[in-house]
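Residues per chain, in single letters:
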Amino acid sequence: MTIRALHVASELYPLLKTGGLADVTGALPPALIELGADVRVLLPGFPSVLAGLADLKSVAPLARSFGARQAALEQGTLANGVVVYVVRADAFYERPGNPYLDAQHVPYGDNAQRFALLGWSAAQLAQHIDPAWAPQIVHAHDWHAGLAPAYLKAAERDQHRRLARSVFTVHNLAYQGIFPAQQFGMLGLPPDFYGMHGVEFYGQMSFLKAGLYFADRLTTVSPTYAREIQTLAQGGGLDGLLRQRTHDLSGILNGVDYAVWKPSTDTLLPARYTDTRLAGKRVCKTSLQARFGLPQKSDVLLFGVVSRLTEQKGLDLLLATLPEIVRHGGQLVVFGTGDPALETGLQRVAQTHPESVAVELGFDETLAHAIIAGSDVVAVPSRFEPCGLTQLYALAYGSLPLVHRVGGLADTVVDASLENLADETATGFAFDRFDPESLASAIRRAFALYARRSEWKAAQQRAMREDFGWGASAERYLALYRELT
Ligand code: ADP
Ligand code: GLC
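Quick notes on the rules
Residues numbered from 1 in each chain as written. Chains lettered and ligands numbered in written order. Predicted model: local features only at pLDDT ≥ 70, side-chain atom pairs only at ≥ 80, totals over all residues. Heavy atoms only, no water. UniProt positions renumbered as here; feature names shortened; annotations may be inferred. Near = heavy atom within 4 Å. Polar contact = N/O pair within 3.5 Å; in protein donor to acceptor, adjacent residues only side chain to side chain. Areas by Shrake-Rupley, 256 points an atom, 1.4 Å probe, with all protein chains shown as cover. Helix = DSSP H or I, 4+ residues; strand = E, 2+ residues; numbered from the N terminus. Nonpolar A, V, L, I, M, F, W, Y, C, P; charged D, E, K, R; others polar. Domains from an automatic or database assignment. Contact = heavy atoms within 4.5 Å. Salt bridge = Lys/Arg side-chain N within 4 Å of Asp/Glu carboxyl O. Pairing = 2+ DSSP bridges. Axes fitted to C-alpha atoms, helices over the stretch in contact; angles between N-to-C directions. Buried < 20%, exposed > 50% of the residue type's maximum accessible area, 1.4 Å probe, protein only.

The protein appears in an unreviewed UniProt entry as Glycogen synthase from Paraburkholderia humisilvae. Within the UniProt record for the protein, the comment given under Sequence similarities (unreviewed entry) is "Belongs to the glycosyltransferase 1 family. Bacterial/plant glycogen synthase subfamily."

Some points on the site of ligand 1
Taken together, 20 residues lie around ligand 1, and Gly 20, Asp 23, Arg 308, Lys 313 and Gly 362 are the ones closest in. Here an oxygen atom of ligand 1 sits 2.6 Å away from a polar atom, N or O, in the main chain of Gly 20. Protein contact buries 94% of the 560 Å² of open area that ligand 1 shows by itself. Looking at the shell around ligand 1, the elements that each hand over two or more residues are helix H1 (20–34), strand S13 (302–309), strand S14 (331–338) and helix H14 (390–396). Per-element accounting of the shell around ligand 1 gives the leading share, 3 residues, to S13. Class assignment for the residues of the shell around ligand 1 results in 6 nonpolar, 8 polar and 6 charged.

Some thoughts on the domain arrangement of the protein
Segmenting the protein into domains produces domain 1 (4–255 + 470–484) and domain 2 (279–465). Each of domain 1 and domain 2 has a C-alpha centre, and these two points are 33 Å apart. In this complex, domain 1 contributes 20 residues to the contact, which on the side of domain 2 involves 20 residues. At the boundary of domain 1 with domain 2, the tally comes to 1 salt bridge. Taking the shortest distance from any N to any O, the salt bridge between Lys 17 and Glu 365 comes out at 3.4 Å.

Describing the sheet that holds strand S7 (residues 165–170)
Strands sit in the order S3-S4-S5-S2-S1-S6-S7-S11-S12 across an open sheet of 9 strands; the sheet is mixed. Two strands close off the open sheet at either side, each with one partner strand: strand S3 (54–61) and strand S12 (249–251). The sheet shows a mean angle of 25 degrees between the axes of neighbouring strands, taken without regard to direction. The strands that helix H19 (residues 471–484) touches are strand S1 (4–8), strand S6 (137–141), S7, strand S11 (217–220) and S12; relative to S7, the one it contacts most, it runs at about 145 degrees.

Examining the pattern of salt bridges
Throughout the structure, instances matching the rule amount to 23 salt bridges. Between Arg 95 and Asp 110 there is a salt bridge, with the nearest N and O atoms lying 2.7 Å from each other. One end of the pair, Arg 95, is in the loop between helix H3 (90–93) and helix H4 (111–126); the other, Asp 110, is in the loop between H3 and H4, with 15 residues separating them in the sequence. Comparing Arg 95 with Asp 110, the two get one shared label, buried. Of the charged contacts in the structure, one is a salt bridge between Arg 245 and Asp 248, with a shortest N-O distance of 3.0 Å. When its relative accessible area of 11% is taken as the criterion, Arg 245 is described as buried. On the accessibility criterion, Asp 248 (25% relative accessible area) is partly exposed.

Structure (structure tokens):
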């Protein structure tokens, strides 16, 4: 029997992307469809979402708008054929720039209403607001969709019937969707949903906790992160709930969409290459050096970073270890956007070392591909990392990842230790302690391996031949849906 599942999220590549969540919601639904599931997506009607969908048409008016005056459900199609429902509420979503933050990097004052409407609309779809299609599974992603399972449970209780089962996926426990308790009233949830057994979280409410509490099954994006978030140190105050629900929680690794991230077919690159014909990678490297105004030398070790610039990503540690790269004659290219303090800190470092460090601020898909392809090493020194996609892309492009051994980074990169080199399993560099010494020795390992060209090439080829495609992970999600229906 075909399973009908609705994915509920706030971003989706290629319509709107601020991070890896969009890559997942762009790739997982088609991978599930490939396996025979009937999958649709629900998104807020942000300007680029509306602009990017073909045949946008109206489905039904929405009876509640949470203060947006007018809200309606529309439907359109992605280039790959996936059907996307859109919550049309221009007063909430028609804002230029970041979907969550205003121009001053401050969360919009009405985020609780904006994302309550998204969760509530998902529950409406489970109640057949579209006569042509209703989900058996509502699969909500991150705090933005955290209220979907809550609204679903409330409607089921109200109507004394089962509407749909729910899955909630945590992409990042650090973003908890926390709002003042006083805003609970306007959500229209049953009063008893506010409490320790519900959306209450240390005297406030948390949309993330709502998802974790009310969904039938929980997943996160790597097996190691699934364990980490059940610990006091890394559970963000939710570890108790996660431990209680340990039997409902699983870690399913994200995949790579090789239609987008594959060096042999990537039209965003100046040259293409494969694991056996690496000449194109050298072209990517010199053109990257030129693009960033660094000396165009093919034999210096080039480190690349493509990242949101937030505390999570550990770039402060990389800066503290910069002398190690400079001393060995390496180069560093950083591209990202985010926290203004980090942005200026990085720019200052680039001004101090113009011969070896280049920093550019911004968000650009083409440049992201150019850096992943043109670097010898892609650095991901994150404090914590639920899964991480850039290290997976780096593997596919033969750019050895250098990572902190946490979360999904620990699950996907094998350190070039002597024994792993001897076993022919090494695909990158991993450090255990989040301190400059530990990172510095991983950097030294990278230089040491680079000096042994044939071993470097062997590691590159191993990395490029690994399969991190969505197939296996989509099977696991589908198995979860089957258990539930
Ligand atoms: P996170 O979701 O925490 O940001 P991931 O590694 O899972 O981390 O995903 C990051 C995604 O965002 C990748 O697709 C990466 O290429 C992309 N990305 C990050 N920063 C930029 C940027 N400045 N420009 C373009 N793409 C970026
Ligand atoms: C989050 C995490 C990242 C993960 C991505 C997609 O943004 O920070 O580790 O890869 O979601 O699941």
